[in-house]
Amino acid sequence: MLVENNVALQPYNSFGIVARAQRLVRVGSDAEVVQLMNSPEWADGGAAARAFVLGGGSNLVITGDIKPLVIKVEIAGRRLVEDHARGWVVEGGAGENWHDFVAWTLEQGWPGLENLALIPGTVGASPVQNIGAYGVELQDRFHSLDAIDLQTGQAFTLDAAQCGFGYRDSVFKHAPAGEKGLGLAGRALITRVRFWLPKPWKPVLGYLDLERKMAETGIHAPDARQIFDWVVAIRRAKLPDPAVIGNAGSFFKNPTVTPEQCADIIARDPKVVHYPMADGSIKLAAGWLIDACGWKGKSVGHAGVYEKQALVLVNRGGATGGEVMTLAKAIQTSVYERFGIRLEPEPVVV
């Protein structure tokens, strides 16, 4: 185990924000996590209470140098855990690249994650955010995960109910409230995640962009690989490549409102993009709301709103975390003043 000092974090956050970690340690196994927790570096400066766990850095806005110990999770591994009549259970190490893992499951003949293709980040970060796209959320395919308690060093396993999944939310995004609080933010280091891929496979196609692909190609019964390819093409057409333009993907959550609130907005803005949800609420397209407020293509300093998708904030070159957040707050204000809707950011801000 090697602790590095004064490490540049620009390569480790997809926004490409310039910042440094005072100390950074890479962990590639459970044993290395335990070794870290027994080391002098862990005791030094209260790292146990303030350590920052870093995955792929794709859902992160860094607003300054990070003084707490940064733990870069690089735990690898892919395997089939179970194969029976009702489905497959597949497992990925927390440090595995998410898109590569999805592609691997399809190559092995285990479909079910294809709608989640090309989402940036790591396998370990996927349940934290409860990632989702094109009609599928991680909770729909989640089986269980393994993690280590950064306060006690004990390994534990959680099922879906214990993860407290919500829309782009989980128990890992909330600090514990009181001694028996259920929040695990800053306390759990996820090591492995398992996914339930049901048999027989059924395509999830109830999404406008996928319906357009079916109409364009004349393919009305696509297989999993075809859906994977469509999703990749759609995302590449809409979203900038972080390797070319720094960004964290969708910056704001799509807000949900009551049918009455939606009707009120439609009365004023009939073109508002909205989707009915199973629970009776209505989900609004945050990108449409932002675009309607005139933000597409606009900038604050070196941070800007992507020209092709208003939901994405980008680094136009040399943007600071402060500029990104100033832009984000200005957008929030505009949307609230026009629609009475408070947009909530998706990325973690540190």
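Here is a short report on the structure shown in this document. What you see is a predicted model; the values in this text were computed from it and never measured.

Thresholds, definitions, all that
Residues numbered from 1 in each chain as written. Predicted model: local features only at pLDDT ≥ 70, side-chain atom pairs only at ≥ 80, totals over all residues. Heavy atoms only, no water. Salt bridge = Lys/Arg side-chain N within 4 Å of Asp/Glu carboxyl O. Helix = DSSP H or I, 4+ residues; strand = E, 2+ residues; numbered from the N terminus. Core = buried A, V, L, I, M, F, W, Y, C linked by side-chain atoms within 4.5 Å. Buried < 20%, exposed > 50% of the residue type's maximum accessible area, 1.4 Å probe, protein only. Pairing = 2+ DSSP bridges. Contact = heavy atoms within 4.5 Å. Axes fitted to C-alpha atoms, helices over the stretch in contact; angles between N-to-C directions. Polar contact = N/O pair within 3.5 Å; in protein donor to acceptor, adjacent residues only side chain to side chain. 1 Å grid on protein atoms, 1.4 Å probe; cavity = no way out; pocket = protein on both sides within 12 Å on 5 of 7 lines; lining within 4 Å. Points joined across faces, edges and corners; volume = space filled by probe spheres on them. Nonpolar A, V, L, I, M, F, W, Y, C, P; charged D, E, K, R; others polar.

1. Quick look at the pattern of salt bridges
- Taken as a whole, this structure holds 19 salt bridges when the rule is applied.
- The partner of D269 in a salt bridge is R338, with the nearest N and O atoms 2.6 Å apart. Of the two residues, D269 sits in the loop between α10 (259–268) and β15 (274–276) while R338 sits in helix α12 (residues 321–339), which places them 69 residues apart along the sequence.
- Members of the salt-bridge network, linked through shared partners, are D30, R79, E91, D146, R192 and R194.

2. Topic: the nonpolar core
- One finds W98, F101, L145, F172 and F195 to be the most contacted residues of the largest nonpolar core, which totals 43 residues.
- Where this core is concerned, the elements lending two or more residues are β7 (87–93), α4 (98–107), β10 (142–149), β12 (188–198), α8 (208–217) and α9 (224–238).
- Here the element with the most residues in this core is α9; it accounts for 7 residues.
- One finds F252, A286, A310 and A319 within the second-largest nonpolar core, a separate group that totals 42 residues.

3. A look at the sheet that holds strand β19 (residues 312–315)
- Here 4 strands make up an open sheet; going across it, the order is β13-β19-β18-β17 and the pairing antiparallel. Whereas interior strands pair on both sides, the edge strands pair on one side only; in this sheet they are β13 (246–250) and β17 (299–300).
- In this sheet, β19 lies alongside strand β18 (residues 303–305) in antiparallel orientation, the contact comprising 3 bridges. The partner of G304 across the bridge, within β19, is V314.
- Seen against the sheet, α12 touches β17, β18 and β19 and runs at an angle of roughly 35° to β18.

4. Let's talk about the side chain of N315
- Turning to its location among the elements, N315 is positioned in strand β19.
- A distance of 3.5 Å separates the side chain of N315 from the backbone oxygen of G16, its partner in a polar contact.
- The contact partners of N315, leaving out residues within four places of it in the chain, are F15, G16, I17, I245, G246 and H302.

5. Looking at the layout of surface pockets
- For the second largest pocket, the calculated volume is near 580 Å³.
- Every residue lining the second largest pocket is counted, 25 residues in all, and those nearest its centre are L118, P120, G121, D241 and P242.
- Looking at the lining of the second largest pocket, the elements that each hand over two or more residues are α4, α9 and β13.
- It is α4 that contributes the most residues to the lining of the second largest pocket, 3 residues altogether.
- For the lining of the second largest pocket, a count of residues per class yields 10 nonpolar, 10 polar and 5 charged.

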